[in-house]
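# Examining the three-dimensional arrangement
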Amino acid sequence: MKNLAKKRAGFTMIEIMLVTASISILAGIVVVAVNPGKKIGETRNAARISDVNTIINAVYQYSLDNEGSFPASINAGTNCGVSVQMICATNYDCTGLTDLSTYVVGKTKKYLTAMPRDPKIPSGSLTGYEIFRDVTANRITVCAPNTEGDTPIISASR
């Protein structure tokens, strides 16, 4: 009897392998269902939408306070993707970029306290956003070209 009790104590190797395999399969299903990479991309895209709206609202508030004129640094254009339309971050050399810091951020911080940045561009002179003025329609468009996933370029016009 004692020898029989010793042999039955604990789990067999096959039982342990079956439980481990079952847990691994369930964990794999959960990771695929949740897809954390996609959720992070969606969160960053939501931040981009918010930033685009913040920038265009600041530019329009500036326009309202300055008799309908837009900041002179905003270049003419018809679509996103032109390098001179890239918005420069605050406190950088903005040669060849659109510098809005003196207009919408400035010392008084009347329209923005700081220029928003794309979530994937945490530092440097580029913000990751673009702005241009459609001269014929007299509209401003702000774009976020660095979207993630299946989301097309995020833009807002007014």
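Anyway, here's the lowdown on the structure attached to this text. In this text, all values refer to a predicted model and were calculated from it rather than measured experimentally.

The 4 strands lie next to each other as β1-β2-β3-β4, forming an open sheet whose pairing is antiparallel. Looking along the sheet, the strands with just one partner apiece sit at the ends: β1 (86-88) and β4 (154-157). Each adjacent strand pair in this sheet contributes to an overall mean axis angle of 35°, direction not counted. Here strand β3 (residues 139-144) runs beside β4; their pairing, made up of 4 bridges, is antiparallel. Residue pairing across strands places valine 142 opposite alanine 156, the latter belonging to β4. Helix-sheet contacts for helix α3 (residues 36-65) involve β1, β2 (126-134), β3 and β4, and the interaxial angle to β3 is about 155°.

Moving on, we come to a nonpolar patch on the surface. Residues Ile25, Leu26 and Ile29 make up a contiguous nonpolar surface patch of about 320 Å² in total accessible area. Structurally, leucine 26 is set in helix α2 (residues 13-34).

This part takes up the side chain of threonine 98. Tracing the backbone through its elements, the reader meets threonine 98 in the loop between β1 and α4 (101-105). Here threonine 98 falls in the buried class, since its relative accessible area comes to 0%. Within the structure, threonine 98 has its side chain in polar contact with the backbone oxygen of valine 84 (distance 2.7 Å). The contacts of threonine 98, once residues within four sequence positions are left out, are Ser73, Ile74, Asn75, Val84, Gln85, Met86, Ile87, Cys88 and Ile131.

Looking now at α3. A rise of 1.5 Å per residue sets the reference length of α3, with its 30 residues, at 44 Å; its end C-alpha atoms lie 44 Å apart and thus fit the reference within 8%. Looking only at α3, the buried set comprises Gly41, Asn45, Arg48, Asp51, Val52, Ile55, Ile56, Ala58, Val59, Tyr60, Tyr62 and Ser63. Note on α3: the residue one or two positions beyond its end, glutamate 67, has a positive phi of about 55°.

We now examine the pattern of salt bridges. When charged atoms on two side chains of opposite charge get close, those side chains can pair. If you walk through the whole model with that rule in mind, you get 4 salt bridges. One salt bridge connects arginine 48 with aspartate 118, and the closest N-O pair in it is separated by 2.6 Å. Here the residue arginine 48 occupies a position in helix α3, and aspartate 118 occupies one in the loop between α4 and β2, the gap between them amounting to 70 residues. Overall, the relative accessible area of 0% leaves arginine 48 in the buried class. Residues arginine 48 and glutamate 148 are paired through a salt bridge, measuring 3.1 Å at the closest nitrogen-oxygen approach.

Quick look at the packing of aromatic side chains now. All chains considered together, the criterion is met by 2 aromatic pairs. Judged by centre distance (5.2 Å) and plane angle (75°), the ring pair of tyrosine 60 and phenylalanine 70 falls under edge-to-face. With tyrosine 60 in helix α3 and phenylalanine 70 in the loop between α3 and β1, this pair connects stretches of sequence that are 10 residues apart. Overall, the relative accessible area of 18% leaves tyrosine 60 in the buried class. Overall, the relative accessible area of 14% leaves phenylalanine 70 in the buried class. Relative to tyrosine 111, the ring of tyrosine 62 lies with its centre 6.0 Å away and its plane at 75°, an arrangement referred to as edge-to-face. Of this pair, tyrosine 62 sits in helix α3 while tyrosine 111 sits in the loop between α4 and β2, placing them 49 residues apart in sequence. As far as the burial class goes, tyrosine 62 and tyrosine 111 line up, both buried.

Conventions and cut-offs
- Residues numbered from 1 in each chain as written.
- Predicted model: local features only at pLDDT ≥ 70, side-chain atom pairs only at ≥ 80, totals over all residues.
- Heavy atoms only, no water.
- Pairing = 2+ DSSP bridges.
- Helix = DSSP H or I, 4+ residues; strand = E, 2+ residues; numbered from the N terminus.
- Axes fitted to C-alpha atoms, helices over the stretch in contact; angles between N-to-C directions.
- Contact = heavy atoms within 4.5 Å.
- Patch = residues over 30% accessible without salt bridge, like charges linked within 9 Å, V, L, I, M, F, W, Y side chains within 5 Å.
- Areas by Shrake-Rupley, 256 points an atom, 1.4 Å probe, with all protein chains shown as cover.
- Salt bridge = Lys/Arg side-chain N within 4 Å of Asp/Glu carboxyl O.
- Buried < 20%, exposed > 50% of the residue type's maximum accessible area, 1.4 Å probe, protein only.
- Polar contact = N/O pair within 3.5 Å; in protein donor to acceptor, adjacent residues only side chain to side chain.
- Expected span 1.5 Å × (residues − 1).
- Phe/Tyr/Trp six-rings, centres within 6.5 Å; stacked < 30°, edge-to-face > 60°.

Just distances and angles here, no functional claims.
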